[in-house]
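Fold and geometry: a report
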Amino acid sequence: MTARRPNILMILTDDHATHAIGAYGSVVNTTPRIDEIAQSGRRVDHCYCTNSLCTPSRASILTGTYSHVNGVSTLVTPIDASQPTFVSQLKEAGYRTAIVGKWHMGEGPGHDPQGFDYWAVLRDQGEYFDPQILTADGVHIEKGYATDIITDLSLQWLESLEGDEPWCLLIHHKAPHRAWEPDEAHAHLYSDPIPVPSTFTDDYAGRASAAKHATMRIAEHLTLDDLKVEPPQDLTPDELALWKYQRYMEDYLRCVASVDDNVGRVIDWLGAHGVRDSTLLTYSSDQGFFLGDHGWFDKRFMYEESIRMPLLVSWPERIAPAAPMEQIVTNVDFAQTFLDAAGVDAHERMQGKSFLPQLTGSDEPTRDAFYYRYYENDDENHHVLAHYGIRTEAHKLIYFYSDGMGLPGSSPFRFAPEWELYDLEADPDELVNVYHDPAYADVREQLKVRLWELQAELGDQPHASQPIPALTS
Ligand code: CA
């Protein structure tokens with residue numbers, strides 16, 4: 001067996017939900033080029049983010065740590081970019097390293113990318129057309145469409161490399177983040193009626209106050225700026241909601257279609273240069289997204305559509321194509337998985353676990369549960385309340401503590417704390433909160449203990465209102 005270290009290529013999109021990817025069984029679009037990664041490798045079915053927001057998820061991916069450790073808990077808590085990351089460790093181990101595209105973890109000294117030989121990033125959320133690009137040399141504008149430009153710059157950097165040392169490249173697309181602006185080449189797609197999810201008219205009955213309080217309903221909260229065209233005048237409220245859904249999804253899926261083409265360009269480049277087999281290639285997104293599920297767009301909540309990340313992995317030299325990987329993994333695990341593949345020791349502060357053994361065929365479980373925490377409380381855009389919880393294979397326990405705790409991006413507004421519990425096998429759509437159901441009393445108390453234990457293991461501070469669970473043996 002050769003000891004050659006793989007190239008590592010992570011394509012990360014923004015807000016691309018699994019249910020808009022063909023390989024995951026999408027009923028709303030096709031993504032043939034993205035699917036090729038799954039066909040030549042593995043689809044990971046239970047990959048979750050630990051804080052469903054762009055900036056925190058990116059920080060967790062890079063540093064292999066939770067938000068309370070890396071300090072990037074909200075959209076407005078910039079990263080201390082001197083922290084160890086899997087990229088800085090790969091660079092120390094001799095890898096050539098680069099990032100192109102969305103950074104969104106702050107700008108300026110201390111916050112710009114570190115540990116990269118080359119970086120060319122969008123500013124803040126970035127623009128779809130003629131984006132500003134920030135590099136070590138300053139800001140310039142690249143004419144064209146962001147998804148194409150990010151791929152162009154990435155391939156240019158690969159073309160510039162000489163010698164045999166492996167490389168690590170992060171291609172971070174803006175798409176398909178709001179404001180969902182497709183390019184001309186894809187503007188004609190998806191104009192036929194798009195299937196509407198079964199939970200589109202969810203009224204949140206029986207759940208904590210947070211779902212009703214949030215302002216991310218397609219029917220009420222999508223703006224004319226989002227929709228870009230005036231709706232017809234004579235629609236009933238229900239018809240208008242469906243009209244908005246169709247407009248939203250058309251643009252979202254058109255942005256995805258451009259991503260798909262550009263993923264294809266990258267795969268073709270790898271093949272043409274003979275490094276497809278020796279490259280660990282991943283496709284993922286910083287978190288999921290509600291595509292009309294529960295009547296919503298956006299993310300933030302600990303519900304499945306929001307926290308579930310797509311993750312497709314291929315590395316033909318090491319990973320044989322196989323059935324989807326079922327074990328639970330998180331964005332905190334990415335760093336150690338990449339380092340494991342490269343044969344580089346993880347940094348001691350990293351809090352995840354390599355799932356390379358599972359990708360290469362191990363049946364070993366990764367963990368029994370993972371911990372989630374969303375810090376922004378009653379944020380000005382979508383008014384989601386601060387919460388945390390755990391998800392096991394079968395259940396999800398959520399505690400809405402609803403306290404901004406003085407964090408930037410958070411409001412001091414408070415609801416009384418509330419719990420939710422879901423039986424994911426009986427109720428995969430998370431419509432029935434069984435927290436108060438006596439039939440679930442044992443499960444509920446066990447999960448509370450496990451939540452408490454995980455907080456202690458990870459070094460996070462439970463909210464002062466969280467009752468100490470009765471310890472069980
Ligand atoms: Ca995002």
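First, a word on what this report is: a plain description of the structure on this page. For every chain, the first residue of the written sequence is number 1, and numbering continues from 1 onward in sequence order. A pLDDT threshold of at least 70 governs which residues receive local features in this predicted model, and a stricter bar of 80 or more applies before side-chain atom pairs are shown or counted, although totals over entire chains, interfaces and linings include all residues. Only hydrogens and water are set aside; all other atoms, that is, all heavy atoms of the structure, feed into the side-chain values.

Regarding the sheet that holds strand β7 (residues 138–141)
In this analysis, strands are considered paired if DSSP registers two or more bridges between them. A helix here means a DSSP run of H or I that spans at least four residues, while a strand means a run of E at least two residues long, and both kinds are numbered starting from the N terminus. The strand order across the open sheet built from nine strands is β2-β10-β9-β1-β8-β4-β5-β6-β7, with neighbouring strands paired in mixed fashion. Both edges of this open sheet fall to β2 (42–43) and β7, since each of them pairs with a single strand only.

Re helix α13 (residues 441–458)
Counted at 1.5 Å a residue, the expected span for α13 with its 18 residues is 26 Å, and the 26 Å between its end C-alpha atoms agrees. Following α13 by one or two positions, Gly-459 adopts a phi angle in the positive range, close to 75°. To estimate the expected span of a helix, subtract one from its residue number and multiply by 1.5 Å.

Considerations on the pairing of strand β14 (residues 395–400)
When accessible area is computed with a 1.4 Å probe and restricted to protein chains, residues below 20% of their type maximum are described as buried, those above 50% as exposed, and intermediate ones as partly exposed. Taken across its six residues, β14 has six buried, putting it largely inside the fold. Of the two faces of β14, the one carrying His-395, Leu-397 and Tyr-399 and the one carrying Lys-396, Ile-398 and Phe-400 are both buried. In terms of strand pairing, strand β13 (residues 387–392) meets β14 through five bridges, oriented antiparallel. Within the sheet, the bridge partner assigned to Gly-389 lies in β14 and is Ile-398. Alignment of β14 against strand β15 (residues 418–423), held across six bridges, turns out to be antiparallel. Considered in β15, the bridge of Ile-398 is made with Glu-420.

Some points on the side chain of Thr-74
Along the polypeptide, Thr-74 turns up in the loop between α3 (67–70) and α4 (86–92). According to the relative accessible area criterion, Thr-74 is buried, its value standing at 0%. A polar contact of 3.1 Å, which involves the side chain of Thr-74, links it to the backbone nitrogen of Val-76. Excluding residues that lie within four positions of it along the chain, Thr-74 makes contacts with Leu-53, Thr-55, Pro-56, Tyr-375, Glu-376, Leu-407 and Pro-408. In protein, a polar contact requires one atom able to donate a hydrogen and another able to accept it; more generally it is a pair of N or O atoms within 3.5 Å, and residues adjacent in sequence count only if both atoms are side-chain atoms. It only takes one pair of heavy atoms within 4.5 Å for two residues to be counted as in contact.

Details of the sheet that holds β13
Spatially, four strands are ordered β12-β13-β14-β15 in an open sheet, and the strand pairing comes out antiparallel. Looking at which strands have only one partner, the edges of the open sheet turn out to be β12 (369–374) and β15. Shown here is a sheet whose adjacent strand axes are inclined to one another by a mean of 15°, direction ignored. Two strands pair when backbone bridges link them, and β12 and β13 are joined in this way by six bridges, in the antiparallel orientation. Each bridged residue has a counterpart across the sheet, and for Ala-369 the counterpart in β13 is Thr-392. Most of the contacts of α13 go to β13, to which it runs at about 110°, and overall it touches β12, β13, β14 and β15. Helix axes are fitted to C-alpha atoms over the stretch in contact, other axes to C-alpha atoms as well, and angles between N-to-C directions run from 0 to 180 degrees.

Some thoughts on helix α2 (residues 54–63)
Here α2 lies mainly inside the structure; ten of its ten residues are buried. All buried positions along α2 are accounted for by Cys-54, Thr-55, Pro-56, Ser-57, Arg-58, Ala-59, Ser-60, Ile-61, Leu-62 and Thr-63. Looking at the buried positions of α2, the neighbouring elements they touch are β1 (7–13), α3, α4, β8 (167–172) and α11 (334–342). The first or second residue beyond α2 is Gly-64, which carries a positive phi of 70°.

A closer look at the environment of His-294
With respect to the helices and strands, His-294 occurs in the loop between β9 (279–285) and α10 (304–307). Distance from His-294 to Tyr-204, taken between C-alpha atoms, is 8.0 Å for residues 90 residues apart in sequence. Residues within four places of His-294 in sequence aside, it is in contact with Thr-199, Phe-200, Asp-202, Tyr-204, Arg-207, Arg-217, Glu-305, Asp-429, Glu-430 and Leu-431. Separated by 3.4 Å, the side chain of His-294 and the backbone oxygen of Asp-429 make a polar contact.

Here we look at the packing of helix α5 (residues 146–160) against helix α9 (residues 237–272)
Where α5 contacts α9, the two axes come as close as 9 Å, and the packing angle between them is 10°. Here α5 lies roughly parallel to α9, going by the angle between them. From α5, Thr-147, Asp-148, Thr-151, Asp-152, Leu-155, Leu-158 and Glu-159 reach across to α9, where they touch Ser-258, Val-259, Asn-262, Arg-265, Val-266 and Trp-269. In this count, Pro and Cys sit with the nonpolar residues alongside Ala, Val, Leu, Ile, Met, Phe, Trp and Tyr, while Asp, Glu, Lys and Arg are called charged and the others, Gly among them, polar. Across the contact of α5 with α9, the residue classes tally to five nonpolar, four polar and four charged. Note on angle classes: values under 35 degrees are labelled roughly parallel, values over 145 roughly antiparallel, values of 65 to 115 roughly perpendicular, and the remainder oblique.

Observations regarding the pattern of salt bridges
Salt bridges are defined by distance alone: a side-chain nitrogen of Lys or Arg within 4 Å of a carboxyl oxygen of Asp or Glu. Applying the stated criterion across every chain yields a total of 33 salt bridges. In this structure, Lys-143 and Asp-130 form a salt bridge, with 3.5 Å as the shortest nitrogen-oxygen distance. Placement of Lys-143 in the loop between β7 and α5 and of Asp-130 in the loop between β5 (118–122) and β6 (132–135) is noted, with a sequence separation of 13 residues between them. Note on Lys-143: relative accessible area 68%, which makes it exposed. With a relative accessible area of 31%, Asp-130 lands in the partly exposed category. Of the charged contacts, one joins Glu-445 and Lys-448 as a salt bridge, the two residues approaching to 3.7 Å between their closest N and O atoms.

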